[in-house]
Amino acid sequence: DDNVLVSGVSGDDAAIGYFGLAYLMENAGKVRPVAIDSGNGRCVLPGQETVKNGTYQPLSRPIFIYVKATALARPEVAAFVQYYLSTSYTPLIASREVGYVPLEDTVYQAAAQRAAAGVTGTMFPHGAEVGATLERYLGKTD
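Residues numbered from 1 in each chain as written. Predicted model: local features only at pLDDT ≥ 70, side-chain atom pairs only at ≥ 80, totals over all residues. Heavy atoms only, no water.

K.L.:
Looking at this structure, how should I read the overall build of the protein chain?
P.N.:
Looking only at helices and strands, one finds eight helices and two strands in the protein chain. When the helices and strands of the protein chain are placed in sequence order, the string is α-α-β-β-α-α-α-α-α-α. Per-residue burial for the protein chain yields a buried fraction of 30% across its 142 residues. Looking at the protein chain alone, contacts between residues at least 24 apart form 39% of all its contacts between residues at least 6 apart. Summed over its atoms, the accessible surface of the protein chain is roughly 9,500 Å², and 54% of this surface lies on carbon and sulfur atoms. (Helix = DSSP H or I, 4+ residues; strand = E, 2+ residues; numbered from the N terminus. Buried < 20%, exposed > 50% of the residue type's maximum accessible area, 1.4 Å probe, protein only. Contact = heavy atoms within 4.5 Å. Areas by Shrake-Rupley, 256 points an atom, 1.4 Å probe, with all protein chains shown as cover.)

K.L.:
Looking at this model, I keep getting lost on a nonpolar patch on the surface. Mind explaining?
P.N.:
Together, Ile65, Phe80, Tyr83 and Leu92 line one region of the surface with nonpolar side chains, adding up to about 370 Å² of accessible area. Along the chain, Ile65 falls in the loop between α3 (48–52) and α4 (69–72). (Patch = residues over 30% accessible without salt bridge, like charges linked within 9 Å, V, L, I, M, F, W, Y side chains within 5 Å. Salt bridge = Lys/Arg side-chain N within 4 Å of Asp/Glu carboxyl O.)

K.L.:
How should I be thinking about the side chain of Thr50 in this particular structure?
P.N.:
Topologically, Thr50 is positioned in helix α3. Only 3.0 Å separates the side chain of Thr50 from the backbone nitrogen of Gly47, close enough to count as a polar contact. (Polar contact = N/O pair within 3.5 Å; in protein donor to acceptor, adjacent residues only side chain to side chain.)

K.L.:
What is the right way to read the pattern of salt bridges from this model?
P.N.:
Should their charged atoms come close, side chains of opposite charge can pair. Counting across every chain of the model gives two salt bridges. As a salt-bridge pair, Glu104 and Lys52 come within 3.5 Å of each other at their nearest N and O atoms. Taken together, the positions of Glu104 in the loop between α6 (90–93) and α7 (105–116) and Lys52 in helix α3 put the pair 52 residues apart, joining distant regions of the chain. Here Lys52 falls in the partly exposed class, since its relative accessible area comes to 30%.

K.L.:
Help me out: how do you make sense of helix α5 (residues 75–84) in this one?
P.N.:
Helical periodicity: at 3.6 residues per turn, an α-helix aligns residues three or four positions apart in one direction. Here α5 has its buried residues at Val77, Val81 and Tyr84. Buried residues of α5 fall within an arc of 65° about the axis and therefore sit on the same side. The inward-facing, buried residues of α5 abut α4 and α7. (Arc of directions from axis to C-beta.)

K.L.:
Where do I start with the packing of aromatic side chains in this structure?
P.N.:
Remark: the centre distance and the inter-plane angle together describe each pair of aromatic rings, the angle taken between the planes. The final tally for this structure, using the stated rule, is two aromatic pairs. Between Phe19 and Tyr23, the aromatic rings sit 6.4 Å apart at their centres with planes inclined by 80°, giving edge-to-face as the arrangement. What makes Tyr23 partly exposed here is its relative accessible area of 27%. For the pair Phe80 and Tyr84, a centre-to-centre distance of 6.0 Å together with 40° between the ring planes defines the contact as tilted. Of this pair, Phe80 and Tyr84 are both found in helix α5, four residues apart, which corresponds to roughly one turn of the helix. On the accessibility criterion, Phe80 (48% relative accessible area) is partly exposed. (Phe/Tyr/Trp six-rings, centres within 6.5 Å; stacked < 30°, edge-to-face > 60°.)

See the structure below:
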């Protein structure tokens, strides 16, 4: 339970905990973030921008949904996946209640195209390097 973790970490100066950015932001006055080496010798703090641009890795990660190909063939499942990846849904992801970092619209569009084409499976190869972004694996580097 992340709330229990926040309570335990905030009550002990020597404690360390791991939980999502949304909880860090919600409890900014109670806990302090840890800066990590972004791979170039510079340390970066967690935040919306450093998570989004891939410099706060490997301690940040995208959240995926997994849909079986047979389920994706069902119209109601395909419709849900398209809604989940639409710009209608993304404001809910970044809402104050949820606090997740939204991706760029081009990433959602590319993922929706993959789903519409029936492509399943991860875009990340095994052992993806630190700093890899979804944009890179979707070919959206412009």
